[in-house]
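# Notes for the structure review
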2 protein chains.
Amino acid sequence: MFRNRMPRYEILSEDAMATLDGGWRRLVSEIGVEFGDERALELFRRAGQKVEESEEGAGIVRFDPDFVLEQVAKAPRSFDVQARNPANSVHIGDDAMAFGAVYGPPFVREGEVRRDATMDDFENFARLSQGFGVLDSAGGIVCEPEDTPLDSRHLDMTFALQTLTDKIYMGNVVSGVNAADTLAMTEILFGGRESIERTPATISLINCNSPLRWDERMLEAQFAYCEAGQAVVITPFLLMGAMSPVSIPAALAQQMAEALTGIALSQLIRPGCPVVFGSFLSNIDMQSGSPCFGTPESAVGLLCTGQIARHFGLPVRSGGGLTSSQTADAQAGYESLMTMLPTFLAGINWVMHSAGWLEGGLVASYEKFVLDCQVLEMLQHEFTPLEIDEASLAFDAHDEVCHGGHFLGAAHTMERFRTCFYRPFVNSSDNYDRWMRGGGKDAATRAGELARRKIDEYEPPPLDDAVREELAAYVTRRRRELGD
Amino acid sequence: MFRNRMPRYEILSEDAMATLDGGWRRLVSEIGVEFGDERALELFRRAGQKVEESEEGAGIVRFDPDFVLEQVAKAPRSFDVQARNPANSVHIGDDAMAFGAVYGPPFVREGEVRRDATMDDFENFARLSQGFGVLDSAGGIVCEPEDTPLDSRHLDMTFALQTLTDKIYMGNVVSGVNAADTLAMTEILFGGRESIERTPATISLINCNSPLRWDERMLEAQFAYCEAGQAVVITPFLLMGAMSPVSIPAALAQQMAEALTGIALSQLIRPGCPVVFGSFLSNIDMQSGSPCFGTPESAVGLLCTGQIARHFGLPVRSGGGLTSSQTADAQAGYESLMTMLPTFLAGINWVMHSAGWLEGGLVASYEKFVLDCQVLEMLQHEFTPLEIDEASLAFDAHDEVCHGGHFLGAAHTMERFRTCFYRPFVNSSDNYDRWMRGGGKDAATRAGELARRKIDEYEPPPLDDAVREELAAYVTRRRRELGD
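The structure presented is a predicted model; accordingly, all values stated were derived computationally and were not measured. (Residues numbered from 1 in each chain as written. Chains lettered and ligands numbered in written order. Predicted model: local features only at pLDDT ≥ 70, side-chain atom pairs only at ≥ 80, totals over all residues. Heavy atoms only, no water.)

### Comments concerning the interface of chain B and chain A
Facing the 117 residues of chain B at the interface are 117 residues of chain A. Buried area between chain B and chain A, both sides added, is near 9600 Å², and the carbon and sulfur share of it is 69%. Three residues stand out in chain B for area buried against chain A, namely Y334, H403 and F421 of chain B, and they jointly supply 9% of the buried area on that side. Inspection of the chain B/chain A interface yields 2 salt bridges. Note that R423 of chain A is salt-bridged to D285 of chain B, the shortest N-O span being 3.6 Å. There are 38 residue pairs in polar contact (both at pLDDT 80 or more) connecting chain B and chain A. With 10 residues, helix α11 (residues 330–345) of chain B is the largest single contributor of residues to the side of chain B that touches chain A. Of the residues in the side of chain B that touches chain A, the class split is 61 nonpolar, 33 polar and 23 charged. (Contact = heavy atoms within 4.5 Å. Buried area = accessible area lost by both parts, 1.4 Å probe. Salt bridge = Lys/Arg side-chain N within 4 Å of Asp/Glu carboxyl O. Polar contact = N/O pair within 3.5 Å; in protein donor to acceptor, adjacent residues only side chain to side chain. Helix = DSSP H or I, 4+ residues; strand = E, 2+ residues; numbered from the N terminus. Nonpolar A, V, L, I, M, F, W, Y, C, P; charged D, E, K, R; others polar.)

### Overview of the sheet that holds strand β21 (residues 363–365) of chain B
Residues and elements named next belong to chain B. Ordered in space as β9-β8-β21-β20, the 4 strands form an open sheet in which the pairing is mixed. In this open sheet, the two edge strands, each paired with only one partner strand, are β9 (113–116) and β20 (357–358). For strand β8 (residues 107–110) and β9, the ladder comprises 4 bridges, and the chain directions are antiparallel. Considered in β9, the bridge of E110 is made with V113. (Pairing = 2+ DSSP bridges.)

### Some points on the packing of aromatic side chains
For the structure on display, the rule yields 35 aromatic pairs over all chains. For K454 of chain A, the ring lying beneath its charged end belongs to F132 of chain A, and the centroid distance is 4.4 Å. Here the guanidinium or amino end of R114 of chain B rests over the ring plane of F107 of chain B, the centre of that ring lying 4.2 Å away. (Phe/Tyr/Trp six-rings, centres within 6.5 Å; stacked < 30°, edge-to-face > 60°. Lys NZ or Arg CZ within 6 Å of the ring centre and 35° of its normal.)

### Notes on the relation of the copies chain B and chain A
Mapping chain B onto chain A calls for a screw motion: a turn of 180° about the axis and a shift of 0.0 Å along it, with 0.0 Å RMSD after fitting. Such a combination of rotation and displacement between the chain copies is what one expects of a two-fold axis. Looking at the rotation axis and the C-alpha trace of chain B, the residue lying nearest is A330 of chain B, at 2.0 Å. (Least-squares fit on C-alpha atoms with pLDDT ≥ 70 in both.)

### Notes on the domain arrangement of chain A
Residues and elements named next belong to chain A. Here chain A is partitioned into domain 1 (14–67) and domain 2 (71–382). A straight line from the C-alpha centre of domain 1 to that of domain 2 covers 25 Å. At the interface, 21 residues of domain 1 touch 24 residues of domain 2. Together, the buried faces of domain 1 and domain 2 total about 2000 Å²; carbon and sulfur atoms form 75% of this surface. The largest per-residue losses of area from domain 1 upon contact with domain 2 belong to M17, L20 and W24, which jointly make up 26% of the total buried on that side. (Domains from an automatic or database assignment.)

### Quick word on the side chain of R153 of chain A
For R153 of chain A, the location among the structural elements is in helix α5 (residues 153–164). With residues near it in sequence (within four places) discarded, R153 of chain A still touches E144, P145, E146 and T148 of chain A.

### Quick word on the nonpolar core
In terms of nonpolar packing, the biggest core is built from 337 residues, with F35, F277 and I308 of chain A together with F35, F277 and I308 of chain B touching the most fellow members. Beyond its immediate chain neighbours, meaning those up to four positions away, F35 of chain A contacts A40, L41, F44, G57, A58, G59, V61, F63, W214, L219, T261 and L265 of chain A. (Core = buried A, V, L, I, M, F, W, Y, C linked by side-chain atoms within 4.5 Å. Buried < 20%, exposed > 50% of the residue type's maximum accessible area, 1.4 Å probe, protein only.)

### With respect to the pattern of salt bridges
Opposite charge on two side chains permits pairing when their charged atoms draw close. For the structure on display, the rule yields 64 salt bridges over all chains. Ionic pairing is found between D37 of chain A and R39 of chain A, a salt bridge with its closest N-O pair at 3.4 Å. A residue is classified by how much of its surface remains accessible, and D37 of chain A, at 7% relative accessible area, is buried. In this structure, the salt-bridge partner of R270 of chain B is E197 of chain B, at a minimum N-O distance of 2.7 Å. A residue pair is termed long-range when its members are at least 10 positions apart, and R270 of chain B in the loop between α9 (248–269) and β15 (275–278) and E197 of chain B in helix α7 (residues 193–198) qualify at 73 residues. On the basis of relative accessible area, R270 of chain B is assigned to the partly exposed category, the value being 24%. What makes E197 of chain B partly exposed here is its relative accessible area of 27%. Beyond isolated ion pairs, a larger network of salt bridges with shared partners links E38, E42, R45 and R46 of chain A.

### Considerations on the environment of I11 of chain A
With respect to the element layout, I11 of chain A can be found in the loop between β1 (2–3) and α1 (14–31). Separated by 180 residues in sequence, I11 of chain A and G191 of chain A place their C-alpha atoms 45 Å apart. Discounting chain neighbours no more than four positions away, the residues touching I11 of chain A are V300, L303, C304 and Q307 of chain A together with M6 and P7 of chain B.

### Brief notes about helix α17 (residues 465–481) of chain B
Residues and elements named next belong to chain B. A rise of 1.5 Å per residue sets the reference length of α17, with its 17 residues, at 24 Å; its end C-alpha atoms lie 24 Å apart and thus fit the reference within 8%. Where α17 begins, the capping side chain belongs to D464, and its oxygen is found 3.0 Å from the backbone nitrogen of A466. A positive phi of about 85° marks G483, the residue just after α17. (Expected span 1.5 Å × (residues − 1).)

### Quick word on the pairing of β8 of chain B
Residues and elements named next belong to chain B. The hairpin turn running from β8 into β9, its antiparallel successor, is 2 residues long, and G111 in that turn takes a positive phi close to 60°. Where β8 lies against β21, 3 bridges are found, and the strand directions are parallel. Bridging from a neighbouring strand, V108 pairs with A364 of β21.

### Topic: the sheet that holds strand β17 (residues 291–292) of chain A
Residue and element names in this part refer to chain A. Sheet architecture is open: 3 strands sit in the order β14-β16-β17, paired in mixed fashion. Edge positions in the sheet fall to β14 (237–240) and β17, since each of these pairs with one other strand and no more. In this sheet, strand β16 (residues 280–284) lies alongside β14 in parallel orientation, the contact comprising 4 bridges. Within β16, the position partnered with F237 by the bridge is F280. Sitting on the sheet, helix α9 (residues 248–269) touches β14 and β16, and the angle it makes with β14 is about 170°. The sheet contacts of helix α10 (residues 296–311) involve β14 and β16, and relative to β16 the element is tilted by about 155°. (Axes fitted to C-alpha atoms, helices over the stretch in contact; angles between N-to-C directions.)

### A word on helix α8 (residues 216–227) of chain B
Residues and elements named next belong to chain B. With 12 residues, α8 extends 16 Å between its outermost C-alpha atoms, agreeing within 8% with the 16 Å of an ideal straight helix rising 1.5 Å per residue. Those residues of α8 that fall on the buried side of the exposure criterion are M218, L219, A221, Q222, F223, A224, Y225 and C226. At the C-terminal side of α8, G229 shows a positive phi close to 70°.

Below is the structure:
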């Protein structure tokens, strides 16, 4: 997996960090955070925090900030998530960066066609995620298969992730029931509960209903995963202007308040449970109310978020290839990089939405999936430290070529020409005539063709027949029980 | 103009810098640098450097590296370039960043049409450069007007830059004659030689015929501009694999050797003459030989270049919106940003090719011009330091909204909604239905429409009639003298 050994780009001064620190402390102690689960309230109550019932089964917790930090300190600085192919296991934290595909889109775009996503699409995106080495995971809901029954869809998706890929996958979080199913299937795949408690085999997204509210269903999933020692990504969901104030510092302080209290809960459920400081931070267009992605504000927020998570000694999730654009056009290209490059600068550890995101996350795009993998490969090369030593100066090549010549045939070049530069797989640098002879195809068209080819040529990773049958039997049984 | 008050992203260790330092010293002293101008050789000879004649009027100079640095130390750390509208004068150096349009393309692309550039196009791009506030200059050869006579073309281009814009412009460097004409026309526009010697009114690109050769014609132009105290951008032209070895450190050492010796010459011509440490550094595709832009290697080179120029206390030119792509597609979007974002991280002072570059610089694109201006505006907002203080935490807004609500109607939001976020002018975040009702246009299409509208709505900046007539008379007379 990729290790980012380049320097971090940090823009918060000590004073700024202290101000933000004061901000989240005031929020959690004065405004408090709402939790929609009686078990959570009971844990906080027993730990001495002030709990005030807000509605049936929900309450507002006013925290001692130092208590929150004491809990946060129990979380590991980094941890592993095991894949069924050990070569694909990932490390989350430190200088490691792991990349998962887009998460959640109800629609799919392929060429000029935009339509409801299907299970076929889900499986195709799982195949692409398996096929691109630059991705560590298909993620979880790489698209919402709208042609499958809602109540048992999580079984189909988990089965697809487990069988079509041998990389890590995310757990379903729609409810405690779904989380329990994911865990049961994960136990089958990894040979029992003990194995996955020793090293987590899922990483799951727990979103805050920002501002300052953790809802019942997400908390149910969080309890299930944390009790099993599975990794959770505790993520404030902040579109500034809607879920947070229209000020980046305010959003950052809120993000700290929400993430840190959610992480504190995870440590009360199971001390030492692996967690990730999550961030999903952008802004809306204040005229239309539309969410915007790849904005200057989101990039700044991302840079700060990396630094803030390190301040607390936590792995961090943020970034991705985010764009508001409706097609895989120039805007999609630069907006996505406007998020993805700061993702590397900030040293983000778990990068969701790394491939395929389009139209504010409503659409999973085949073309964009390939283009994003292209950009990821470029960035991984870019963020690999240069080796600068005497030999790298290639004095002999200069001695051979001297003044006004060229290096095409120099011995130094001939020895290295195959590997000296990163070779892109979808970018074109053809001259105009050659490009026209090839059909004059733009990047999205070439990417779409490559996606199809990759899907056609896909070969499933090996899986023990008995395990596959046990998983399939589980899906069949549970689907029946769920009435689908 | 834009000041980049964000931190620099520096990736060279002291050891690495010392190794590179050893590299250029060895190159200039052992291999030497070729100069194709007897006046240059004479200056170096008189200053005690070893000069060996290589061919008629040319010679290889083997330098004492410390002598080179003594000359370099005479160059100003920063300087101003005056525009005829004083509000558009620019500062080159320190934390200032100035942006000029694409330089040199013989072709133009508008929509699906790619054709020879014309004087009409040149004037249109000058109008666009005037119209976009984010650009400090149209640059120089915003495209090559192929429908005008070669020998007098520089007169038409300079006249267009002087009259259609009131921003700074670059001087013609094709020959000493062209440079003299540019200077004469600049003296007319700025009221005499004394005015432009006091504060330079042109900035001109002097390219090295890399590796390690400064050619006669470029040197003629350099002599003309330096003698007049005009700014020169001393630029190694390095496509690794062709003009330099296939190793980034080797290219960086070569870039130092070429730039520093060219700058030393400028200081011998006129001590204190304003100079810029130039860089044009990318790589070729080793299979096809095509130049590639927006590559990981070029981004790394760019980050190092900013740091190296600061090491020598010199303003630095690099970066831009470079891409190999043939159209304004997703590849063009991300490759351009792959160069432009590091341009900001590296704190580049003079950014050529900031708008309109397509197809490896062979094409000036109307659509890309607008898209690049869009990206530049976004980056300028991104690279503006956050103010983080108690007020920015917007505690009152949280107190008003509390848990699970939204901030759309909060007092804090209402007071700030017009200016709180950067508003893009060509990006779309419309929802799908609205976007389809608007024609379902991709970013390039919208950009092309905006380019046309800007050109149609263009109003020329005021210019004294007598000055305009004197400039026109000069062009007419010189064109006749040049036989066109």
